[in-house]
Amino acid sequence: MAQTWLTPGPTPVPAAVLEAQGRHPVFHRGRAFQLLLSEVTEGLQWLLETSNEVLLYTASGTGALEAAIVNCFAPGERIVVCVNGFFGERVVTIATRAGLVVERLDYRWGEAVRADDVAACLARTPDARGVVLQHSETSTSVVNDLAAIAPVVTAAPSAPLLMVDAVSAAGALPIGTDRLALDLVVGASQKALGATPGVSFVAVGARAWARHGELPPAPYYWDFSEYRRWARPGTPESPYTPAISVIEGLAAALRGLREQGLDAVFALHRLNAAAVKAGVAALGLEPFGENIDAGVVVTAVRAPPGVDPSALAAHLETRYGVVVAAGQGPLSADVLRVGHLGSVSAADVVAGIAALEAALADFGGPQPTGAGVAAVVQTYRKAGSWPGR
Ligand SMILES: *Cc1c(COP(=O)(O)O)cnc(C)c1O
């Protein structure tokens, strides 16, 4: 049985979240659910820094990505999709399947999306109706510089909608939805928020609502209009039976985050990331990807020569109870990913790096010296902080 979760999601789930969702579900047409949904919606608005409406779906993050696409773009319309990893590629598939014409802005996996490339792409694609990118491309650990890219999209004469996949970023990084004028922001319960899987959400801005209003009705289950009709302020409900228990857990997770405050939550992610990065560096592992220091969600490293990352990850779990992830797609043979999003504690990072050092020795690496753990402990001590859960 695994004990330490350093995954890119689902992430460690705090006890308060598990307790909240272990109770009998409330009736979703009663007052208790209305209060619950009000609380969660307000909590998500706080987290995403927005006054936009936030719609909740009983679906994983991919469902909410598809919802945003099919509600705000019509078949035959062109959108720019930035692709610097697995999840960018998934958005291309969703959009193509929905009949959109996708203009890809491609990068090698591990590279970051650059604002000037987005500007150039929009200049040669004057009919683009939207731009989609990942804030944190979880497959490679690369964080794209949203604050630099958003103004470029806003300034484009064709006024494309800006849609951000913040599935792994929401709760780990400042999103600044209103500040950056993000039209569609997508997130999910099981990543940095630290709840369990099953609920995802879209924050929908005024321009996105206007676009939605011009289009023919969206596919039935995803239709924004239906969710909005039921989301009456003060007495919101969900059009269909929602994942009530997961929403109870999400409410508890958001309560926990609000008690800490946004700045503390982001600082925790920076600190845990720094500790993991110090630990893997001390083990001699080569970091993967651009903007390493900005990668506060996941750390990707190259596996040592001759070591298969999937086999290493499987061994870490079965032998040491530590769950990490191998790379995805073309990186599956090269890269190991250590997640540090959500309620990760110092104890998790210590255990994870200790196990990684032992596992590398099991795969023929040098005998453990504790160098990884020493670097982790020094990072937390220097910061004067020892995060718990
Ligand atoms: C996890 C993830 C997704 C997919 O979310 P699911 O909940 O697994 O459907 C999409 N985008 C990013 C950036 C992710 O990290």
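Above this text is the structure in question.
Residues numbered from 1 in each chain as written. Predicted model: local features only at pLDDT ≥ 70, side-chain atom pairs only at ≥ 80, totals over all residues. Heavy atoms only, no water.

1. Re the overall build of the protein
Thinking step 1. Check the secondary structure of the protein and you find 13 helices and 15 strands.
Thinking step 2. Over its C-alpha trace the protein gives a radius of gyration of 21 Å, about what one expects of a compact globule, namely 21 Å for 389 residues.
Thinking step 3. C-alpha atoms of the protein, sized along the principal axes, occupy 65 × 55 × 35 Å.
Thinking step 4. The proportion of buried residues among the 389 residues of the protein is 59%.
Thinking step 5. When contacts within the protein are restricted to residue pairs at least 6 apart in sequence, long-range pairs at least 24 apart make up 72% of them.
Thinking step 6. With 28 positive and 35 negative side-chain charges, the protein shows a spacing of 2 Å between the two charge centroids. (Helix = DSSP H or I, 4+ residues; strand = E, 2+ residues; numbered from the N terminus. Rg over C-alpha atoms; globule rule 2.2 N^0.38 Å. Buried < 20%, exposed > 50% of the residue type's maximum accessible area, 1.4 Å probe, protein only. Contact = heavy atoms within 4.5 Å. Lys, Arg positive; Asp, Glu negative; His and termini not counted. Charge placed at Lys NZ, Arg CZ, Asp CG, Glu CD.)

2. Overview of the sheet that holds strand β12 (residues 298–302)
Thinking step 1. Strand order across the open sheet formed by four strands is β11-β12-β15-β14, with antiparallel pairing between neighbours. The sheet is open, and its two edges are formed by β11 (286–287) and β14 (325–326), each paired on a single side.
Thinking step 2. In the packing of helix α10 (residues 262–282) onto the sheet, the strands contacted are β12 and β15 (335–339), and the crossing angle to β12 comes to about 10 degrees.
Thinking step 3. Strands in contact with helix α11 (residues 309–320) are β14 and β15; relative to β15, the strand with the most contacts, it is inclined by about 40 degrees. (Pairing = 2+ DSSP bridges. Axes fitted to C-alpha atoms, helices over the stretch in contact; angles between N-to-C directions.)

3. Things to note about the sheet that holds strand β4 (residues 101–106)
Thinking step 1. A sheet is described by the order of its strands in space; here seven strands give the open sequence β2-β10-β9-β8-β5-β3-β4, paired in mixed fashion. At either end of the open sheet lies a strand with only one pairing partner, and these are β2 (53–58) and β4. Strand-to-strand twist in this sheet, taken as the mean axis angle between neighbours without regard to direction, amounts to 20 degrees.
Thinking step 2. Judged from the five bridges that link them, strand β9 (residues 184–188) and strand β10 (residues 199–204) form a sheet pairing that is antiparallel. In the sheet register, V186 faces β10, and the bridge partner there is V202.
Thinking step 3. The strands that helix α3 (residues 61–72) touches are β2, β3 (78–83), β5 (128–134), β8 (161–165), β9 and β10; relative to β9, the one it contacts most, it runs at about 160 degrees.

4. Quick word on the site of the ligand
Thinking step 1. In the vicinity of the ligand, 13 residues are found, and the nearest of them are S60, T62, T138, D165 and K191.
Thinking step 2. Taking S60, its side chain carries an N or O atom lying 2.5 Å from an oxygen atom of the ligand.
Thinking step 3. For the ligand, whose unbound accessible area comes to 380 Å², protein coverage reaches 90%.
Thinking step 4. Elements with a minimum of two residues in the shell around the ligand: α3 and α4 (86–97).
Thinking step 5. The biggest single contributor to the shell around the ligand is α3, with three residues.
Thinking step 6. For the shell around the ligand, the residue count by class is three nonpolar, seven polar and three charged. (Near = heavy atom within 4 Å. Polar contact = N/O pair within 3.5 Å; in protein donor to acceptor, adjacent residues only side chain to side chain. Areas by Shrake-Rupley, 256 points an atom, 1.4 Å probe, with all protein chains shown as cover. Nonpolar A, V, L, I, M, F, W, Y, C, P; charged D, E, K, R; others polar.)

5. Quick word on the nonpolar core
Inside soluble globular proteins, nonpolar side chains tend to come together where they are buried.
Thinking step 1. Within the largest apolar cluster, 64 residues are counted, with the highest numbers of intra-cluster contacts made by V40, L44, V118, L182 and L193.
Thinking step 2. When residues in this core are grouped by element, the largest group, nine residues, is from helix α9 (residues 244–260).
Thinking step 3. Two domains each provide a minimum of three residues to this core, namely domain 1 (4–8 + 261–383) and domain 2 (15–258).
Thinking step 4. Those residues within four positions of V40 in sequence are excluded, and the remaining contacts are L56, I247, L250, A251 and L254.
Thinking step 5. In terms of nonpolar packing, the next biggest core, distinct from the first, is built from 35 residues, I69, V81, W209 and W222 among them. (Core = buried A, V, L, I, M, F, W, Y, C linked by side-chain atoms within 4.5 Å. Domains from an automatic or database assignment.)

This is a description of form; function is not addressed.
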